[in-house]
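Working through the structure, step by step
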Amino acid sequence: MPVLPALRSLLPGLRRGQVVSVDEVGALATALVAGASENGAWCAVVGLPEYGVLAAARSGVSLDRLILVDDPGERWAEVVAILLDAVEVVALRPPARPSVTEVRRLSAFARRHGAVLVVAGVPWEGAQVRLRVASSVWTGLGDGHGHLRSRRVRVVAEGKGRPRAEWLWLPGPDGEVTPAGHAAVDDHEPAVELSVAG
C-alpha cells in the first residue's frame, strides 16, 4: 500500500502482513495511516482517545474510511485481531507493554489477513520496520506568546539494511506532511527545539 510521498525515501510502501513500530503516538503514526487511507484503504485507530481527527483529516486520512476504538479495554488484543481481519491498516497503542504471546499472535494475524499493523508508543519485538523521531523543532511560538504552527523532525527508519533518515515537516504550516530538506528553520520563525532520546 502507498505511503505519503514525503515518507517514500524512508519506507517505499506498506507491505501487507507487515508490522511497523513507531516510537511516538501522534503525527508519524497518523502519516502512515494517511497514505493508505487516501488511496482507498480502510483503517482503524485503537487505544488513542486523544487522536486528533481534524489533524488526521488535514494530513490526508479519509474519515469516511476510518474506525476509531478509543478504549478497547482489557481485551484490546481481541479487538485488534478482529480489526486485522476487517480493515487494511490498524494503528494501535497498547494499554501496556504487550506480552510475547500477544505480540506473536497479532503479528501472525496481520500476516494471515494481509493487513498492516502500526504499533505506536511501545516496543514491538519482530517489527520489520521501526520509525523514530531523532530530533524535533517546533515553529510559531514567540517569546511567551503565539501558537505552534509546524514541526520539523528528523525521522530515522531502521529495519533490513542500513538505517535511513529524512527531515520532514510533520506537520507543516498547512497541516500536511512534506519533505523539510536540510535547510534550517526560517530565521523569522521563532523555534523551540526538542531533543528526543533514541
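Refer to the structure above for everything that follows.
Procedures and definitions
Residues numbered from 1 in each chain as written. Predicted model: local features only at pLDDT ≥ 70, side-chain atom pairs only at ≥ 80, totals over all residues. Heavy atoms only, no water. Helix = DSSP H or I, 4+ residues; strand = E, 2+ residues; numbered from the N terminus. Contact = heavy atoms within 4.5 Å. Areas by Shrake-Rupley, 256 points an atom, 1.4 Å probe, with all protein chains shown as cover. Expected span 1.5 Å × (residues − 1). Buried < 20%, exposed > 50% of the residue type's maximum accessible area, 1.4 Å probe, protein only. Arc of directions from axis to C-beta. Core = buried A, V, L, I, M, F, W, Y, C linked by side-chain atoms within 4.5 Å.

1. With respect to the overall build of the protein chain
In terms of helices and strands, the protein chain carries four helices and 10 strands. Counting helices and strands in the order they occur from the N terminus, the protein chain gives β-α-β-α-β-α-β-α-β-β-β-β-β-β. Restricting to contacts in the protein chain with at least 6 residues of sequence separation, those with at least 24 account for 63%. On the protein chain, roughly 10,000 Å² of surface is accessible, and the fraction owed to carbon and sulfur atoms is 52%.

2. Side note on helix α4 (residues 100-113)
Across its 14 residues, α4 extends 20 Å between first and last C-alpha, which sits within 8% of the 20 Å expected from 1.5 Å per residue. Within the sequence span of α4, burial applies to Val103, Leu106, Ser107, Phe109 and Ala110. Seen along its axis, α4 keeps its buried residues to an arc of 155 degrees; they face one direction. Exposed and facing more than 90 degrees away from the buried side of α4 are Val100, Thr101, Arg104, Arg111 and Arg112. Among the residues trailing α4, glycine 114 stands out with phi positive, at a value near 70 degrees.

3. Digging into helix α1 (residues 27-37)
Of all the 11 residues making up α1, 10 are buried; the element is thus mostly covered by neighbouring parts of the structure. Of all the positions in α1, only Leu28, Ala29, Thr30, Ala31, Leu32, Val33, Ala34, Gly35, Ala36 and Ser37 are classed as buried.

4. Brief notes about the nonpolar core
Grouped together as the largest cluster of nonpolar side chains are 39 residues, with contacts concentrated most on Leu7, Leu14, Leu28, Leu32, Val89, Val118 and Leu131. Taken together, the elements giving at least two residues each to this core come down to β1 (19-22), α1, β2 (43-46), β4 (89-92), β5 (116-120), β6 (129-141) and β7 (146-158). Val69, Ala77, Val80 and Leu117 belong to the second largest nonpolar core, which has 22 residues in total.

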